[in-house]
Amino acid sequence: MTERSFSERMANFDENYPVILEEMARAAADSGREAGDITLLAATKTVPLEVINHAIGRGLSCIGENRVQELLEKYDGLDKGHCDVQFIGRLQTNKVKYLVGKVSCIQSLDSMKLAREISRLSSAAGLVTQVLVEVNIGREENKGGVLPEALLEFVDEARQLPGLHISGLMAIPPVCVNKTELCGYFSAMRQYYVDIAAKRLDNVSMDRLSMGMSSDFPEAIRCGANMVRVGSSLFGPRQTPRP
Ligand SMILES: *Cc1c(COP(=O)(O)O)cnc(C)c1O
């Protein structure tokens, strides 16, 4: 397969973006909310910088990268004045130093080791890094995330660290055979989110429930997501998939 040209990818975005926004608005209305209550984060792995900046020019206001190296390659060129940049991928402790001060949120906090390193480097820089706790909602061995049964204790321990603020939860549910099963996972996430919010813990604010991707973002919104992470449905299929 040949690489699609930048202009082709830009045209893909221009065509897909209003459709996604429309679907998001409909799902928001179905769950008694407004379009403005849901944030679209564009998952921009493998998307060239030029195409991302084009999308920002069309109104895209939030992106997420999931590889540190790729983020750093794009970072200086990104139109950051008009777009929030977040990190959504699996993160090794030794790479935290490249993200602190660069991304507004790390959505993939899944271990105390990682939390302590974010805390240490953010404190040293005089910053507070926003984090979402990633939940391994399907208890899948090959996926990152805190196990559901360990979530409360994890939040309670991590929130005591200086230099980070827990602002929500993130999940990537398992591949499901049907919508009922899928919504079971999304609804479980929503319940954890509500339960943690109800505890009114210091240094924890449940502002973001990040779940839903290209294949399932309307269901995620109907089940309570207020941030969806959409990649291929916005930019077209990824032709150079990365593991
Ligand atoms: C790639 C990615 C997405 C978006 O996936 P699509 O299926 O292309 O929409 C969302 N979240 C994370 C963490 C990702 O890595």
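Note that this is a predicted model, so its numbers are computed, not measured.

Caption draft 1: Quick look at the overall build of the protein. When its secondary structure is counted, the protein shows eight helices and eight strands. Its C-alpha radius of gyration of 17 Å places the protein within 12% of the 18 Å reference for a compact globule of 243 residues. Viewed in the frame of its principal axes, the protein has a C-alpha envelope of about 45 × 40 × 35 Å. Relative to its full complement of 243 residues, the protein shows a buried share of 50%.

Caption draft 2: Examining the site of the ligand more closely. Contacts to the ligand come from Ala43, Lys45, Asn66, Ile88, Ile172, Met213, Ser214, Arg229, Val230, Gly231, Ser232 and Arg238. One of the side-chain N or O atoms of Ser214 is found 2.5 Å from an oxygen atom in the ligand. The backbone of Ser232 places a nitrogen or oxygen atom 2.8 Å from an oxygen atom of the ligand. Among the detected pockets, the ligand sits in the largest pocket. Residue composition of the shell around the ligand, by class: five nonpolar, four polar and three charged.

Caption draft 3: Looking closely at the packing of aromatic side chains. Evaluation of the coordinates by the stated rule reveals two aromatic pairs. Look at Phe13 and Tyr17: their rings are 4.7 Å apart centre to centre, the planes differ by 25 degrees, and that puts the pair in the stacked class. Within this pair, Phe13 and its partner Tyr17 are both found in helix H1 (residues 6–30), separated by four residues, close to a single helical turn. When its relative accessible area of 0% is taken as the criterion, Phe13 is described as buried. Three or more aromatic residues link up through ring pairs in this structure, and these residues are Phe13, Tyr17 and Phe235. A cation sits over an aromatic face here: Lys80 above Tyr75, 4.1 Å from the ring centre.

Caption draft 4: Main features of the packing of H1 against helix H2 (residues 49–57). In contact at an axis separation of 9 Å, H1 and H2 are set at 30 degrees when each is read in the N-to-C sense. As the angle between them shows, H1 and H2 are arranged roughly parallel. As for how H1 packs across H2, the hand of that crossing is right-handed. In this structure, H1 contributes Phe6, Arg9, Met10, Phe13 and Asp14 to the contact, and H2 contributes Glu50, Val51, His54 and Ala55. Among the residues forming the contact of H1 with H2, the class breakdown is five nonpolar, one polar and three charged.

Caption draft 5: Representation of the nonpolar core in the model. If you look at the biggest cluster of nonpolar residues, it comprises 68 residues, and the most contacted ones within it are Leu40, Val133, Ile166, Leu169 and Leu234. It is H1 that contributes the most residues to this core, six residues altogether. Each residue touching Ile166, except ones within four places of it in the same chain, is listed here: Val131, Val133, Val155, Ala158, Arg159, Asn203, Val204, Ser205 and Met206. Core analysis: the next-biggest nonpolar cluster, separate from the first, contains five residues, Ala43, Cys62, Ile88 and Met227 among them.

Caption draft 6: Quick peek at the side chain of His54. Along the chain, His54 turns up in helix H2. Since its relative accessible area comes to 17%, His54 is described here as buried. Leave out the neighbours within four places in its chain, and His54 touches Met10, Phe13 and Asp14.

The rules behind each value
Residues numbered from 1 in each chain as written. Predicted model: local features only at pLDDT ≥ 70, side-chain atom pairs only at ≥ 80, totals over all residues. Heavy atoms only, no water. Helix = DSSP H or I, 4+ residues; strand = E, 2+ residues; numbered from the N terminus. Rg over C-alpha atoms; globule rule 2.2 N^0.38 Å. Buried < 20%, exposed > 50% of the residue type's maximum accessible area, 1.4 Å probe, protein only. Near = heavy atom within 4 Å. Polar contact = N/O pair within 3.5 Å; in protein donor to acceptor, adjacent residues only side chain to side chain. 1 Å grid on protein atoms, 1.4 Å probe; cavity = no way out; pocket = protein on both sides within 12 Å on 5 of 7 lines; lining within 4 Å. Sits in = over half its atoms within 2 Å of the grid points. Nonpolar A, V, L, I, M, F, W, Y, C, P; charged D, E, K, R; others polar. Phe/Tyr/Trp six-rings, centres within 6.5 Å; stacked < 30°, edge-to-face > 60°. Lys NZ or Arg CZ within 6 Å of the ring centre and 35° of its normal. Axes fitted to C-alpha atoms, helices over the stretch in contact; angles between N-to-C directions. Parallel < 35°, antiparallel > 145°, perpendicular 65-115°, else oblique. Left-handed = near helix turned anticlockwise from the far one by under 90°. Contact = heavy atoms within 4.5 Å. Core = buried A, V, L, I, M, F, W, Y, C linked by side-chain atoms within 4.5 Å.

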